[in-house]
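So you can see what is in the structure, the chains are spelled out below.
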Amino acid sequence: MNFMKVFQLRSIRIKLILLVSLLTILPAGILAGLTLHFHQQNFFPIEHIPIQQSAVVFKRNILLSLPAITIPAMIIGWLLLQGFTSPLQKIISGIGKSVQGDRLHRIELPSGDDAGKIAHALNTVATELQETIASKKYAENIIQSMDDSLVVTSPDFTIRIANQSTCDLLGYNAEELTGKPINILFCEKDTSPAPWFDLIEKDLLRKTEKTYLSKDGRKIPVLFSCNAIRGNNGNIAGIVCVALDITERKRIEADLKKAVSQKDENIKDMGYLMYFSTLMNEEVREDKLIHHMVKALQEHFQPELLAVLTIDKTKNVFDTTHMSPPMPLNKLIKSEVIADPSLCQVIRTGREIIVGNIDKDIPCECITHKIEGGGYACLPLITGGAIAGMVLIGKRDKGYWYNEEIRKLLLVYVGLTASALQRVRLIDITRRAAITDSLTGTYNRRFFDEMLKKQIALAKRRNEPLGLILADLDHFKNINDTYGHIAGDQALQQIASIMKNSIRSSDILSRYGGEEFVIIMPSIDISNAIKKAEGLRRHIESFQFQIGSVGQPPQITISIGVSSFPDHGTEYETLIAAADLALYKAKKGGRNRVEIP
């Protein structure tokens, strides 16, 4: 209570004292004057005093008695007023202190009279108010100390309270949120009051996932619950919204999902790798191995560039085994590297090169083709410790090859292919050693016997002809006796080479024994077989053999017997016998000639 209010209260008290005193003094003064006047009349009878003089005397008596009566009257009035206004003063003072914030002050008055009852009632109200304020502060402290976001709105969904966690979560201060519509919290568009009322009425806004939108535009996933505050009439008086930040939970869920997906992908990759490994172990052809590898790489890596280059050991040059998209080899790598594979770093070192981004990483100098905005991996094909070629695979995705898991998977595919290549080549070497004549490089007698039986069976099924040429060098013993066995071996090797270059790829050349050669010619009739035999005879007759260091090389001729399926036989034995008979006729007829049975 300020000074003016105190002054006003005291002015009222003074006025009351004066009013009470006046009301006390006037009757008392008149009464005292009358008493004095009548007393004087006992000594001075009235008939002896004129009327005018008597009035003057009366007034004088009243005025003389006023001082004697006023002071006691004022004291009595003050005492009476003090007794009446003191409880009121205490009540007003107590209310003033309560208004000023003194919640502990109580009005001390006896409770027997009305003032005491008023004071007791005011004390009770003050106590309840103190408890209410304490409860409110306690509730505010709880709200502000909550780790979860809490927002209280009015019935029209205007924010009234937003705790500190809400401000920290969204980057606002309390003043920026207070008075704003609740839509400011969300990035969804379904936050208009109408559907909210329906959802709240149906109790559907409990522990549902929503997305908060921060002041700087970040999307924050939250677990959201909303409850209505209802008044005595049952109407919605406000809304309480609680939200739990689940960003970390979402991250863990995403990581778990990614891990499960990666696990599933790894299982899938493992299953395909097992299938791929089995496929490669069962394959016996080198070209099929490369085909299987190319198919697997295209399926799993989906490259924009894939090239498989092998080294031709005879010519020591790069050869294209596969190229996609199709292009000349010199458009992919430099011409000098094609001619000399050892210039390639991968071939020279036997180590892979990974270029994740050709714009940043140092590319291989021998590659001329560039993948726009991407990179490539170049891996060696190592078989039995030797470099058989390389695999070049490119992607437009920047940094794709920086992924260690991808690189490991690629290495596995290429490694399995290289191992299979080594196995097939070893098998091929062993197989060739078993079926090939070591001197001439042609098939041996054992292989010929098996193949002739198979070719006859095929000719029967297909109803096709089959030609058989049996050739024998004329006077070969004289060459061995005159020039030596080494010269004779050289002659046999050169004749075998002439025959290989003179027959079709489908024909089968074998060394039948000693100086005899036999050729199986599928799908050829007797007349064409005779023409082929005659061409061979003339070629050998005119060929200049190079035998050792002899001065004048010998002239070598051959005699040839030709038989045909089914003209001269339908079985292995009869067809061989017919060709042998024709050869015998050629020998008997003067050699260097072609005969049929």
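Please refer to the structure placed before this passage.
About the criteria used
- Residues numbered from 1 in each chain as written.
- Predicted model: local features only at pLDDT ≥ 70, side-chain atom pairs only at ≥ 80, totals over all residues.
- Heavy atoms only, no water.
- Helix = DSSP H or I, 4+ residues; strand = E, 2+ residues; numbered from the N terminus.
- Buried < 20%, exposed > 50% of the residue type's maximum accessible area, 1.4 Å probe, protein only.
- Contact = heavy atoms within 4.5 Å.
- Areas by Shrake-Rupley, 256 points an atom, 1.4 Å probe, with all protein chains shown as cover.
- Core = buried A, V, L, I, M, F, W, Y, C linked by side-chain atoms within 4.5 Å.
- Arc of directions from axis to C-beta.
- Expected span 1.5 Å × (residues − 1).
- Pairing = 2+ DSSP bridges.
- Axes fitted to C-alpha atoms, helices over the stretch in contact; angles between N-to-C directions.
- Lys, Arg positive; Asp, Glu negative; His and termini not counted.
- Salt bridge = Lys/Arg side-chain N within 4 Å of Asp/Glu carboxyl O.
- Parallel < 35°, antiparallel > 145°, perpendicular 65-115°, else oblique.
- Left-handed = near helix turned anticlockwise from the far one by under 90°.
- Phe/Tyr/Trp six-rings, centres within 6.5 Å; stacked < 30°, edge-to-face > 60°.
- Lys NZ or Arg CZ within 6 Å of the ring centre and 35° of its normal.

Draft legend 1. Broad picture of the overall build of the chain. In terms of regular secondary structure, the chain is built from 17 helices and 15 strands. Split into buried and exposed, the 597 residues of the chain put 38% on the buried side. A sequence separation of at least 24 residues applies to 58% of the contacts in the chain between residues at least 6 apart. Accessible surface computed for the chain: about 34600 Å², of which carbon and sulfur atoms make up 57%.

Draft legend 2. Examining the nonpolar core more closely. Counting 30 residues, the largest nonpolar core has Leu473, Ile495, Met499, Phe517, Ile560 and Val562 as the members making the most contacts within it. Elements with a contribution of two residues or more to this core: strand S11 (466-473), helix H14 (476-483), helix H15 (485-502), strand S13 (516-522), helix H16 (526-542) and strand S14 (558-565). When residues of this core are assigned to their parent elements, the largest contribution, 7 residues, is made by H15. Ignoring anything within four residues of it in the chain, the contact list for Met499 reads Ala471, Leu509, Phe517, Leu536, Ile540 and Ile558. If you look at the next biggest cluster of nonpolar residues, it comprises 29 residues, including Leu273, Val308, Leu379 and Val414.

Draft legend 3. Summary view of H14. Listed as buried for H14 are Phe476, Ile479 and Asn480. Looking straight down H14, one finds that the buried residues subtend no more than 95° of arc, so they occupy a single side. Turned more than 90 degrees from where H14 packs its buried face, Lys477, Asp481 and Thr482 sit exposed. Packing partners of the buried residues in H14 comprise S11 and H15. Gly484 sits one or two residues past H14 and shows a positive phi near 100°.

Draft legend 4. Summary view of H15. When the terminal C-alpha atoms of H15 are compared, their 26 Å separation across 18 residues agrees well with the 26 Å that a helix rising 1.5 Å per residue should span. For H15, the set of buried residues is Ala487, Gly488, Ala491, Leu492, Gln494, Ile495, Ala496, Ile498 and Met499. Those residues of H15 that are buried are in contact with S11, H14, strand S12 (508-513), S13, H16 and S14.

Draft legend 5. Structural view of the sheet that holds strand S8 (residues 353-355). Spatial ordering of the open sheet is given by S7-S6-S10-S9-S8, a layout of 5 strands whose pairing is antiparallel. Pairing within the sheet leaves two strands with one partner each, and these edge strands are strand S7 (317-324) and S8. Sheet twist, expressed as the mean angle between neighbouring strand axes with direction ignored, is 15°. Two strands pair when backbone bridges link them, and strand S9 (residues 375-383) and strand S10 (residues 386-395) are joined in this way by 9 bridges, in the antiparallel orientation. When the sheet's bridge partners are listed, Cys378 is paired in S10 with Leu392. The sheet contacts of helix H8 (residues 286-301) involve strand S6 (305-312), S7 and S10, and relative to S6 the element is tilted by about 155°. With respect to the sheet, helix H12 (residues 404-435) is in contact with S8, S9 and S10, its orientation differing from that of S9 by roughly 30°.

Draft legend 6. Fine view of unusual backbone geometry. The omega torsion of the bond from Ser324 to Pro325 falls at 0°, within 30 degrees of zero and hence cis. Inspection of the secondary structure assignment puts Pro325 in the loop between S7 and helix H9 (329-332). Of note, the amide linkage connecting Phe565 to Pro566 takes the cis form, showing an omega dihedral of 5°. For Pro566, the location among the structural elements is in the loop between S14 and helix H17 (572-588). One non-glycine residue with positive phi stands out, namely Asn316, at about 55°. One non-glycine residue with positive phi stands out, namely Asn592, at about 50°. Locating Asn592 in the fold gives a position in the loop between H17 and strand S15 (594-595). For Asn592, a relative accessible area of 19% translates into the label buried.

Draft legend 7. Quick look at the side chain of Glu283. Residue placement: Glu283 occurs in the loop between helix H7 (247-282) and H8. For the buried Glu283, no salt bridge exists, and the shortest N-O distance to an oppositely charged side chain is 5.4 Å, to Arg285. If near-sequence neighbours (up to four positions away) are discounted, Glu283 is found in contact with Lys288, Leu289, His292, Arg423 and Val424.

Draft legend 8. View of the packing of H15 against H16. Two elements in contact, H15 and H16, have axes whose closest approach is 11 Å; the angle formed by their N-to-C orientations is 140°. In terms of orientation, H15 lies oblique with respect to H16. In the packing of H15 onto H16, the handedness of the crossing is right-handed. When H15 is examined against H16, the residues Ile495, Ile498, Met499 and Ser502 are found in contact with a partner set consisting of Lys532, Leu536, His539 and Ile540.

Draft legend 9. The arrangement of the sheet that holds strand S4 (residues 219-230) in detail. One open sheet holds the 5 strands; their spatial order is S2-S1-S5-S4-S3, and the pairing between them is antiparallel. With partners counted over all chains shown, the strands left at the sheet margins are strand S2 (159-162) and strand S3 (208-213), one partner each. Each neighbouring strand pair of the sheet contributes to a mean axis angle of 35°, computed without reference to strand direction.

Draft legend 10. Structural detail: the pairing of strand S1 (residues 149-153). With 5 of 5 residues buried, S1 lies mostly within the body of the structure. Burial along S1 is two-sided: Ser149, Val151 and Thr153 facing one way and Leu150 and Val152 facing the other are all buried. Looking at chain direction, S1 and strand S5 (residues 236-245) are connected through 5 bridges and run antiparallel. Looking at the pairing, Ser149 lines up with Ala243 of S5.

Draft legend 11. Examining the packing of aromatic side chains more closely. For the coordinates displayed, the defined rule picks out 10 aromatic pairs. With centroids separated by 5.2 Å and ring planes inclined at 85°, the aromatic side chains of Phe186 and Tyr212 adopt a geometry described as edge-to-face. Here Phe186, found in the loop between helix H5 (174-177) and helix H6 (193-201), pairs with Tyr212, found in strand S3; they are 26 residues apart in sequence, far enough to count as distant. Accessibility expressed as a relative area gives 0% for Tyr212, which makes it buried. A ring pair is formed by Phe543 and Phe545, whose centres lie 4.9 Å apart and whose planes are at 75°; its orientation type is edge-to-face. Residue Phe545 is classed as buried on the basis of its relative accessible area of 0%. Through a chain of ring-to-ring contacts, three or more aromatic side chains come together here, namely Phe276, Phe301, Tyr400, Trp401 and Tyr413. The ring of Tyr400 carries Lys395 above its face, with NZ or CZ at 4.9 Å from the centroid.

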